[in-house]
Amino acid sequence: MTNLSEGEIAKRLRAKQRDSSVIFRRNRALGYVSNHIPAVVRYIQRRKDNLITTCIGRSFQVYTASHFRLLHVSGQHPDEITAMATDRWHIYTACNKCIYAWRAGKHVRHIYRGHSKNVHLLLPFNRHLIAVDEANIVKVWNVKEEDVYLEIPFKPEEFLVTAIAHPPTYVNKIVLGSKQGRLQIWNIKDNHLVYTFNGHESRVTSIEPAPAIDVVAVGHQDGTTIVMNLKYDEILMEFKQDWGAVSKITFRTDGPPIMATASTNGYVAFWNLEEKKIASQLQAHEDSITTTICLPNEPLILTTSPDNSMKLWIFDMTDGGARLLRIREGHTAPPLCIRYHGVRGNTILSSGEDSSLRSFSTISETLNRNMGKASYNRKSSKKKNRFEEDNHRMPPIIEFTTELTREKEWDNIAAIHSGSIQTTTWSFHKNRMGDHRLIPEHFTNKNRKDFKTETTCVTLTHCGNFVLLGYSNGEVQRFNIQSGIHRASYGKPAHAAAIRGIACDNLSQMVVTGCSAGLLKYWHFKEKLDKPFVVSKLSEGIVLMRCHRESAMIAVALENFVLLVIDMDTKVVIRKFEGHSAKINDVTFSPDSRWLISASMDTTIKVWDIPSSYMIDHFRVERPCVSLTMSPTGNFLATAHVNNLGIYLWANKMLFNQLSLRSINPCSTAPYVGLPTNVADEINLEESIQELSMDVNEEEDTDDEETLGEEVNFTYETPEQLSKELITMSGIAISRWQNLLDLEIIKKRNKPKAPPKVPKQAPFFLPTVAGLDMKFDVTQEKANNELESKIFKSSTLNNLTTFGNLLEETAANGEFERSVSYLKQMGPSMVDFEVKSLHPIGGGTVKAMLQFLKTLQYMFETNNNFELAQSYLSAFLRSHGTNLIDFPPVINALEELTKVQETSWEKVEEHLMYGMGVVAALRNFVQ
């Protein structure tokens, strides 16, 4: 069988992976900001802001430069991203011998296939894209047609391309840098070599055009930066940095003649080009700097690094140097211990191999906080020389415990460190490391004889006053966390072997300790501390202990990979779970203490149901889980894995779906589930190519693509009726039609106590049209007032209103919509007046009454304005019900209207009564 590399194994596992297990579904990953791929920046005119795109493995993230707010995350690529670039239309990413063009950072617009090896350099060139792969072939792609315009192969032993740039004003020309140190200018339109520069002997690592025409800066592997004139092949100036290769170069464009060069050890040098000397230095990162970009016309510089951080610096120091303005960062080394903090489940505390303690928000990245790195001397660490390593840094935190009680009064976090006897305290409220170092007196430097003893476990009491510590020599100590004073010792010592776990009950009455020899001892918290009152012997040595105080249960992991659940009240083993085949790394209870979730070095995570004593879920991940924790609300499971910088969230499907859980054989093979990504739903790139209806040429010639990273504001007008088969309401205020049914009662209630007072002089006014909107009635105005007769001429004996005239017009044209629109603009009083005016006694006509009923019939048949039709019909019958016997045509029209109205109401009644019946049945069932 052939030996497969780690990358090939990962690819095969991803091909067979599932989205979820029985209970948990992949949600997303926290704590990823950047990696070794350089970030790209683009200015968005509509936003008036720069957008920053960083790579995080198989996807990329887009941030705003103004607040470092995360806009969106791209879909998942098939493999790791190897290069990125951007222009005014797309974000380009290279992955697995292909290049993807993303529109608005969310949708794949083009895919360019044809490279034999992975692409490591990309350069957008107007309507073309220049790509350089590891086979040392330069290809020029047509962005729209997705075909190769030009292909230039190079011999690696003669010219191995390592950098590429396009100098401004150099039409159709690019500059290539090589591993041999030479530069070449190529005309990609004519496909010929324009000029070759001998250059430096060291490898070219970066080429950056200067703001001045014909000038570029070239960075080399040996730390040399050469500023040269391409037109005359002349070296203008040369600089040398002593701390390693030049990784990136950038120029300030806001005024000062400053060039910034980044190095591979985290330092940035700022060079004054007028004085030809160094202006200032800056330690920006702890790892190699992969991105250094001065934002256009702003005193800002952006840096990113593989240390999983992105920083924005501003030049406002008195000496012209830069200070930190904004930062977004995660762990620089894999996390070792994670715990939920708080009752809402919005914050996760995490300690990593970088000796730091951080809090991650599950709501927004802007709420993430860094509590700092553990230090033996915090003041000395702050005052250290920025070009020296911190010698006071403590070992990584391997375990910590938190409590909410007294959180704002004193430190509420206690942490133990790898191979250290010291226990540090931290304050979540103050977001910093505390001042106390908890060390027993006989372990201080002046009294210490045993230098091999270290702290192995820690827990805080529920009251938040005391911290209990277990040591590798078997001792158990109690400290006051507020003052840091030692308060008590348990036993002489408590165990003969190393302490592996320690727990305390909810009332601080009992302490339980376990050791590697398999002994479990129960101690009184305050009295009779010299010996335990109960001792239990387990079959194997204890690896770890976890306590669920609300249910008084302890989970104990043994060295033979067995899990035990012990009742603290009865002191007996109530459950035993077997199924893991390697060391158990961590265990956690669900909030209701129904489940026990365990993670092992066999890369499996298992869920045990405590009441039934069965395993109900298990799944296998790519890398072993080193720590896990369950949200206090039970909605998420958070895990941390070997050599992964992020924290992974798994959604509990039991809260959203009704699942039927069954017992699973613990020894069966667990299905493989891929780790969560930065997006909730993984996107298949092949299926995410958007089929746009508009012409590609027309679209890309406009500025529509400037919506990169911006929410596009489409104007969508909701139709008045989605479908004629659906019964549609009018959407107007409920008082406009409901008050019409009780208008007489409302008028009596609002009747004034005193008659209105007539003003002394009535002002001149223009006649207005009845309705909610103020409109002047100018329909009777004539052009020639002199010729108009002042004698009133009436063609009929009726006195129809404007609405009555509209109704009579519908008899000829059948346009009922105008009448409906006119009624919808009126208030309840005007509608009542118009309905009463339809009767011949009120000045109307029989024809107007017939057309009004036909208008209501039209509203019922079109299923539109359903509640208005019902209300208007009720007002009509209430006003004219007893007087309609004298008008047989109106009676016939009412009979037709009744049939249509009943048909419409049956549609609503059928579904309404069904819903009411279901609700009543459920209510009776619950009672």
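Anyway, here's the lowdown on the structure attached to this text. (Residues numbered from 1 in each chain as written. Predicted model: local features only at pLDDT ≥ 70, side-chain atom pairs only at ≥ 80, totals over all residues. Heavy atoms only, no water.)

**Quick look at the overall build of the protein chain**
Let me state the cut-off plainly: Each helix is a run of DSSP H or I of at least 4 residues and each strand a run of E of at least 2, with the numbering of both proceeding from the N terminus. The cut-offs for exposure are 20% and 50% of the maximum accessible area for each residue type, with area from a 1.4 Å probe on protein chains only; residues under the lower value are buried, those over the upper are exposed, and the others partly exposed. In this description, contact between two residues means that some pair of their heavy atoms is separated by no more than 4.5 Å. The protein chains shown are the only cover counted for residues, whose accessible areas, like all others here, come from Shrake-Rupley with a 1.4 Å probe.
Check the secondary structure of the protein chain and you find eleven helices and 56 strands. Across the 927 residues of the protein chain, 50% fall into the buried class. For the protein chain, long-range pairs separated by at least 24 residues make up 48% of all intrachain contacts whose partners lie at least 6 apart in sequence. Carbon together with sulfur atoms contributes 51% to the accessible area of the protein chain, which is approximately 46,000 Å² in total.

**Structural notes on the pairing of strand 28 (residues 309–314)**
Note the threshold: If DSSP finds at least two bridges between two strands, the strands pair.
Here strand 28 lies mainly inside the structure; six of its six residues are buried. Side chains S309, K311 and W313 of strand 28 all project onto a buried face; the interleaved residues M310, L312 and I314 project onto the opposite face, where all are buried too. Sheet analysis places strand 27 (residues 300–305) next to strand 28, joined by six bridges and oriented antiparallel. Across the sheet, T304 pairs through a bridge with M310, a residue of strand 28. In this structure, the hairpin formed by strand 27 and strand 28 is closed by a connection of three residues, where N308 is found at a positive phi of approximately 65°. Bridge analysis of strand 28 against strand 29 (residues 323–329) gives six bridges, and the strand direction is antiparallel. The partner of K311 across the bridge, within strand 29, is I327.

**As for a nonpolar patch on the surface**
Selection criterion: Patch criteria: residues need more than 30% relative accessible area and no salt bridge. Like-charged residues are merged within 9 Å; nonpolar side chains of Val, Leu, Ile, Met, Phe, Trp and Tyr are merged within 5 Å. Salt bridge, as used here, is a side-chain nitrogen of Lys or Arg placed within 4 Å of a carboxyl oxygen of Asp or Glu.
Taken together, the side chains of W905, L912, M913 and M916 present a nonpolar region at the surface, about 400 Å² in accessible area. Secondary-structure assignment places M913 in helix 11 (residues 888–926). With relative accessibility at 48%, the residue M913 sits in the partly exposed group.

**Focus: helix 6 (residues 802–813)**
Here is the rule we go by: By this rule, a helix spans an expected 1.5 Å times one less than how many residues it contains.
Given a rise of 1.5 Å per residue, twelve residues ought to cover 16 Å, and the 17 Å separating the end C-alpha atoms of helix 6 matches this to within 8%. The secondary structure elements touched by the buried residues of helix 6 are helix 7 (817–824), helix 8 (828–836) and helix 9 (846–861). G814 sits one or two residues past helix 6 and shows a positive phi near 70°.

**Here's the deal with the sheet that holds strand 30 (residues 335–341)**
The pairing of strands in a sheet comes from backbone hydrogen bonds and takes either a parallel or an antiparallel form. Definition in use: Only C-alpha atoms enter the line fits that serve as axes; for helices the fit covers just the stretch in contact. Angles between N-to-C directions range over 0 to 180 degrees.
Read across the sheet, four strands follow the order 30-31-32-33 without closing on themselves; strand pairing throughout is antiparallel. The outermost strands of the open sheet, each flanked by one partner alone, are strand 30 and strand 33 (369–373). Going across the sheet, the axis of each strand differs from the next one's by a mean of 15°, ignoring polarity. Two strands pair when backbone bridges link them, and strand 32 (residues 356–361) and strand 33 are joined in this way by three bridges, in the antiparallel orientation. Note on strand 33: the bridge partner recorded for S359 is R369.

**Brief notes about unusual backbone geometry**
Of note, the amide linkage connecting K492 to P493 takes the cis form, showing an omega dihedral of -10°. By the secondary structure assignment, P493 is in the loop between strand 41 (486–490) and strand 42 (499–504). Despite not being glycine, T169 has its phi angle at roughly 75°, a positive value. You can call T169 exposed: its relative accessible area is 55%.

**A word on the environment of K492**
Relative to the helices and strands, K492 is located in the loop between strand 41 and strand 42. For the pair K492 and L529, spaced 37 residues apart in sequence, the C-alpha separation works out to 9.3 Å.

**Structural notes on the environment of S612**
Looking at the element boundaries, S612 is found in the loop between strand 52 (604–609) and strand 53 (614–620). With 37 residues separating them in the primary sequence, S612 and R575 have C-alpha atoms 9.4 Å apart.

**Brief notes about helix 10 (residues 866–880)**
Between its terminal C-alpha atoms helix 10 stretches 22 Å, which fits the 21 Å expected from 15 residues at 1.5 Å a residue. Listed in full, the buried residues belonging to helix 10 are F866, E867, L868, A869, S871, Y872, L873, A875, F876 and H880.

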